[in-house]
Structures are given as structure tokens and as C-alpha cells.
Amino acid sequence: MVFDTMLFDLDDTIHNRNASLFKFVDLFKIKYSNVLYDYSKLIIKDIFFEIDMKGNNPREVMFKELQYRVSWKYKPNLKELIDFWNLEFPKCAEPMYNLYNVLDYFINKIIKMGIVTNGNSDFQNKKFIN
């Protein structure tokens, strides 16, 4: 059977969500270092990966949990945390390993490609722009 079109899921097929989340957490620690206790800075990456649930946890739920689980000198409000996510996470987008070789292969075979995702299209599109 010969195919003329290939569809890719965005997260964890095109977009390396784990690598992107690592980058985001580093930005988060820089941004909020003055309001996090030192112990929280050490464990925040583990907490983020647990409460993010591979992107399946709604951001409001995730950041409420973060507010609760992290020791803060001063707790940022929920809207501020979500706004920081919405602004910065798409800029942290990392491609999956070997992605460009795979895409080049399909281009050379003249196979049409598309991306599907169950995420918010405005948010997902930002991953490509940045």
C-alpha cells in the first residue's frame, strides 16, 4: 500500500514536550527565584513534571497545585502564573530527536504532511512561531 499523505500528532511526535518543559522550568526558576525558598528551587522540576501530567492537567489545576506544593516567600497569583506559562512555554518548544531528517524524507518522497493536535490551536501555533 502506498500513502500520499502523513499526519503527525504535535506533542511527543513533532514537539518534544519533556525537553520543552525542562526549558520552561529553568525559566520559571529564574523568573520566580526571588519568591521561592531554596529548597523549592531544587525540587520544582520534579513537581512540575508530576503535576503537568504530560500536558493533560488543565493549567489552572496545575498551577493551583504548584501554589500549594511549593514553599513560597510570596505566592504569585494564579493568573500571573498561567499568563507566564502561556507566554513562555511556546517559546521553549523543542523538536523531537531526528525530526528534521524524518520531515526531509517525506518531502523528498513528495508526501503531503499535516499536523493534528487536541490542544488549543492558538497556543499550539505559537510553538511553531517561536
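Residues numbered from 1 in each chain as written. Predicted model: local features only at pLDDT ≥ 70, side-chain atom pairs only at ≥ 80, totals over all residues. Heavy atoms only, no water.

Peer 1: For this particular structure, what's the right way to read the pattern of salt bridges?
Peer 2: Any two side chains of opposite charge can pair, given that their charged atoms come close. On inspection of all chains with the given rule, the structure shows 11 salt bridges. Put simply, Asp4 and Lys112 hold a salt bridge, and the shortest N to O gap is 3.7 Å. Highlighted residues: Asp4 in the segment before β1 (5–9) and Lys112 in strand β2 (residues 112–116), separated in sequence by 108 residues. One salt bridge connects Arg69 with Glu50, and the closest N-O pair in it is separated by 3.1 Å. Placement of Arg69 in helix α3 (residues 59–69) and of Glu50 in helix α2 (residues 38–52) is noted, with a sequence separation of 19 residues between them. Look at Arg69 and you get partly exposed, because its relative accessible area is 29%. (Salt bridge = Lys/Arg side-chain N within 4 Å of Asp/Glu carboxyl O. Helix = DSSP H or I, 4+ residues; strand = E, 2+ residues; numbered from the N terminus. Buried < 20%, exposed > 50% of the residue type's maximum accessible area, 1.4 Å probe, protein only.)

Peer 1: Would you mind showing me how to read the nonpolar core here?
Peer 2: One recurring pattern in soluble globular proteins is that nonpolar side chains are buried together. Among the nonpolar cores identified, the biggest contains 23 residues, and Phe24, Phe28, Phe48, Phe63, Leu66 and Trp72 are the most heavily contacted of them. Listing elements by their share of this core, those giving two or more residues are α1 (17–31), α2, α3 and α4 (78–88). Sort the elements by how many residues they give to this core and α4 lands first, with 5 residues. Here Leu66 is in contact with Phe28, Ile44, Ile47, Phe48, Ile51 and Trp72, once residues within four sequence places are set aside. Counting 6 residues, the second-largest nonpolar core is a separate cluster that includes Phe8, Leu10, Ile14 and Phe106. (Core = buried A, V, L, I, M, F, W, Y, C linked by side-chain atoms within 4.5 Å. Contact = heavy atoms within 4.5 Å.)

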